[in-house]
Amino acid sequence: MSSVPSPHSDLVGALYRDHRRWLLAWLRRNVACPQRAEDLSQDTFVRLLGREDLTAPREPRAFLVAIAKGLLFDYFRRAALEQAYLTELMLIPENEQPSVEEQQLILEDLKAIDRLLGKLSSKARAAFLYNRLDGLGHAEIAERLGVSVPRVRQYLAQGMRQCYIALYGEPT
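Predicted model only: the values in this text are computed from it and were never measured.

Let's shift gears to helix H5 (residues 122-132). Helical periodicity: at 3.6 residues per turn, an α-helix aligns residues three or four positions apart in one direction. Listing the buried residues of H5 in full gives Ala124, Arg125, Ala127, Phe128 and Asn131. All buried residues of H5 project into a common sector of 165 degrees when viewed along the axis, lining one side. Structurally, H5 contributes buried residues whose contacts are with helix H4 (100-117), helix H6 (138-145) and helix H7 (149-168).

Inspection of every chain in the model, using the stated rule, returns three aromatic pairs. Here the aromatic rings of Tyr75 and Phe76 are separated by 5.2 Å at their centres, their planes lie at 55 degrees, and the arrangement is tilted. Here Arg144 stacks its cationic end above the ring of Tyr130, 5.0 Å away from the centre of that ring.

This paragraph deals with H4. The end-to-end C-alpha distance of H4, which contains 18 residues, comes to 26 Å, matching closely the 26 Å that a straight helix rising 1.5 Å per residue would cover. Regarding H4, the residues found buried are Gln103, Leu107, Lys111, Asp114, Leu116 and Leu117.

Moving on, we come to a nonpolar patch on the surface. Nonpolar side chains collect at one region of the surface, where Tyr164, Leu167 and Tyr168 lie side by side and expose about 400 Å² of accessible area between them. By the secondary structure assignment, Leu167 is in helix H7.

Moving on, we get to the UniProt feature "domain: RNA polymerase sigma-70 region" (unreviewed entry) in the protein chain. Per the UniProt record, "domain: RNA polymerase sigma-70 region" (unreviewed entry) is found at residues 15-80. A helix fraction of 80% and a strand fraction of 0% characterise residues 15-80, whose end C-alpha atoms lie 31 Å from each other.

This paragraph deals with the UniProt feature "domain: RNA polymerase sigma factor 70 region 4 type" (unreviewed entry) in the protein chain. When the UniProt feature table is mapped onto this chain numbering, "domain: RNA polymerase sigma factor 70 region 4 type" (unreviewed entry) sits at residues 111-163. For residues 111-163, the end-to-end C-alpha separation is 14 Å, with 77% helix and 0% strand making up the annotated structure.

So, on to the packing of H6 against H7. It is at 8 Å that the axes of H6 and H7 come closest, and there the two elements cross at 100 degrees. Relative to H7, the element H6 is oriented roughly perpendicular. Residue-level inspection shows His138, Ala139, Ile141, Ala142 and Leu145 of H6 in contact with H7, the latter providing Val149, Val152, Arg153, Tyr155 and Leu156. Across the contact of H6 with H7, the residue classes break down as eight nonpolar, one polar and one charged.

It is worth spelling out the packing of H5 against H6 at this point. Running from amino to carboxyl end, H5 crosses H6 at an angle of 140 degrees, the nearest separation of the two axes being 10 Å. Relative to H6, the element H5 lies oblique. Judged by the twist between their axes, the crossing of H5 over H6 is right-handed. Note on element contacts: H6 touches H5 through His138, Ile141, Arg144 and Leu145, opposite Lys123, Ala126, Ala127, Tyr130 and Asn131.

Attention now moves to the nonpolar core. In this structure, Leu23, Trp26, Leu27, Leu40, Phe45, Leu48 and Leu72 are the most contacted members of the largest nonpolar core, which totals 19 residues. Looking at this core, the element that brings in the most residues is helix H3 (residues 60-90), giving seven residues. Beyond its immediate sequence surroundings of up to four residues, Leu27 is in contact with Ala37, Leu40, Ser41, Ala68 and Leu72. One finds Leu117, Leu145, Val147 and Leu156 within the second-largest nonpolar core, a separate group that totals 14 residues.

Let's shift gears to the side chain of Asn131. Relative to the helices and strands, Asn131 resides in helix H5. Polar side-chain contacts of Asn131 include one of 3.1 Å to the backbone oxygen of Leu136. Here Asn131 is in contact with Leu136, His138, Ile141 and Leu156, once residues within four sequence places are set aside.

The next thing to look at is the pattern of salt bridges. With the rule as written, the count across this model stands at four salt bridges. In this structure, Asp18 and Arg17 form a salt bridge, with 3.7 Å as the shortest nitrogen-oxygen distance. Classification of Arg17 by relative accessible area gives exposed; the value is 62%. Note that Glu38 and Arg28 form a salt bridge whose closest N and O atoms lie 3.9 Å from each other. Taken together, the residues span a long stretch of sequence, with Glu38 in helix H2 (residues 34-49) and Arg28 in helix H1 (residues 9-30) at a distance of 10 residues. Look at Glu38 and you get partly exposed, because its relative accessible area is 25%. It is possible to trace a salt-bridge network through shared partners that takes in Arg20, Arg28 and Glu38.

What counts and how
- Residues numbered from 1 in each chain as written.
- Predicted model: local features only at pLDDT ≥ 70, side-chain atom pairs only at ≥ 80, totals over all residues.
- Heavy atoms only, no water.
- Buried < 20%, exposed > 50% of the residue type's maximum accessible area, 1.4 Å probe, protein only.
- Helix = DSSP H or I, 4+ residues; strand = E, 2+ residues; numbered from the N terminus.
- Arc of directions from axis to C-beta.
- Contact = heavy atoms within 4.5 Å.
- Phe/Tyr/Trp six-rings, centres within 6.5 Å; stacked < 30°, edge-to-face > 60°.
- Lys NZ or Arg CZ within 6 Å of the ring centre and 35° of its normal.
- Expected span 1.5 Å × (residues − 1).
- Patch = residues over 30% accessible without salt bridge, like charges linked within 9 Å, V, L, I, M, F, W, Y side chains within 5 Å.
- Areas by Shrake-Rupley, 256 points an atom, 1.4 Å probe, with all protein chains shown as cover.
- Salt bridge = Lys/Arg side-chain N within 4 Å of Asp/Glu carboxyl O.
- UniProt positions renumbered as here; feature names shortened; annotations may be inferred.
- Axes fitted to C-alpha atoms, helices over the stretch in contact; angles between N-to-C directions.
- Parallel < 35°, antiparallel > 145°, perpendicular 65-115°, else oblique.
- Nonpolar A, V, L, I, M, F, W, Y, C, P; charged D, E, K, R; others polar.
- Left-handed = near helix turned anticlockwise from the far one by under 90°.
- Core = buried A, V, L, I, M, F, W, Y, C linked by side-chain atoms within 4.5 Å.
- Polar contact = N/O pair within 3.5 Å; in protein donor to acceptor, adjacent residues only side chain to side chain.

Shown next as structure tokens:
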């Protein structure tokens, strides 16, 4: 993280001082691991520091919970992704399994892809995955998602743009 202070440092500091304990208790009720709750609490305030447009919320606790819920959702989604990968890995014959190092690299790549696709709307993400993983055509995807074929094309373009950014950086 940059050593340049956020323009919202004072506001975030006040939210941290006044509501951190409460947020941590809320997270501990929703996450089995106390260390994970601590990490999510810290991540909530780090996310606030990175915001460009931050004003004092009318309901600070509801505001903090909304951010923490998003982080919780991301955490659970990544944990499910990791578990799905490990389950699939167990189906591969032992002599064909990748090394532990390769497994870790694959898992990191999957998490990076998940973060990348997490920037898309749920329908755009679903359309991209239907197309790339399931091989569905535009009409089939449109029917499943209840949208038009041109909309599916837009969704796929959004997914491809995210892939381009991951490989080459933001277009100039």
